[in-house]
Amino acid sequence: ERESLIMELASMSTDSGKKLLIKIITRMCRMQLVVAWQAWHGNTAQFTKMQLQDEAKNLKAELTSLRGRIDEAQRDINERIQLAADFAIRNASSDQRQLLLKIFGRM
């Protein structure tokens, strides 16, 4: 198609016809450039963007999972602290209990 247009351009004698044909050829080239750009953008840039979005989604899910594990570990730590405190109070002598009562009474 381009070759036939180029042959027509060569055979035209008037300047206005040449200018019109040059505009048509230029627009066709631009259209092909736009089509090529869209193909590249769709295959490369958007694909990369989708990969990054998937990676961000996976990282957010992992972060949520880790936060849950941290909360569970914190609850476990608090339970162990409470058990240690209960054990220490149960095994304390009467003098130690009196001392604890004095200390907590002043707070």
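Our subject is the structure that appears above.
Now for a quick tour of the structure. Model, not experiment: these values are computed from the prediction. (Residues numbered from 1 in each chain as written. Predicted model: local features only at pLDDT ≥ 70, side-chain atom pairs only at ≥ 80, totals over all residues. Heavy atoms only, no water.)

## Some words on a nonpolar patch on the surface
The condition is simple: Residues enter patches when their relative accessible area tops 30% and they take part in no salt bridge; the joining distance is 9 Å for like charges and 5 Å for the nonpolar side chains Val, Leu, Ile, Met, Phe, Trp and Tyr. Note on areas: these come from Shrake-Rupley sampling with a 1.4 Å probe, and a residue is covered only by the protein chains present in the view. Counted as salt bridges are all cases of a side-chain nitrogen of Lys or Arg within 4 Å of a carboxyl oxygen of Asp or Glu. In this description a helix means any DSSP run of H or I spanning at least four residues, a strand means any run of E spanning at least two, and both kinds are numbered starting from the N terminus. Classification of residues uses two cut-offs on accessible area relative to the type maximum, computed with a 1.4 Å probe and protein chains only: under 20% is buried, over 50% is exposed, and between them is partly exposed.
Taken together, the side chains of Ile89, Leu99, Leu100, Ile103, Phe104 and Met107 make up a nonpolar region of the molecular surface, amounting to roughly 620 Å² of accessible area. With four residues, the single largest contributor to the nonpolar patch is helix H3 (residues 94-106). We classify Leu100 as partly exposed; its relative accessible area is 31%.

## A closer look at the pattern of salt bridges
Inspection of the entire model under this criterion finds one salt bridge. Measuring nitrogen to oxygen at the nearest pair gives 3.3 Å for the salt bridge that ties Asp76 to Arg80. Linking Asp76 with Arg80, this pair stays in helix H2 (residues 15-90), spanning four residues, or about one helical turn.

## Regarding H3
Threshold: By this rule the span expected of a helix is its residue count minus one, scaled by 1.5 Å.
Taking 1.5 Å as the rise per residue, H3 with 13 residues should run 18 Å; its terminal C-alpha atoms sit 19 Å apart, in good agreement. Taken across its 13 residues, H3 has zero buried, putting it largely on the surface.

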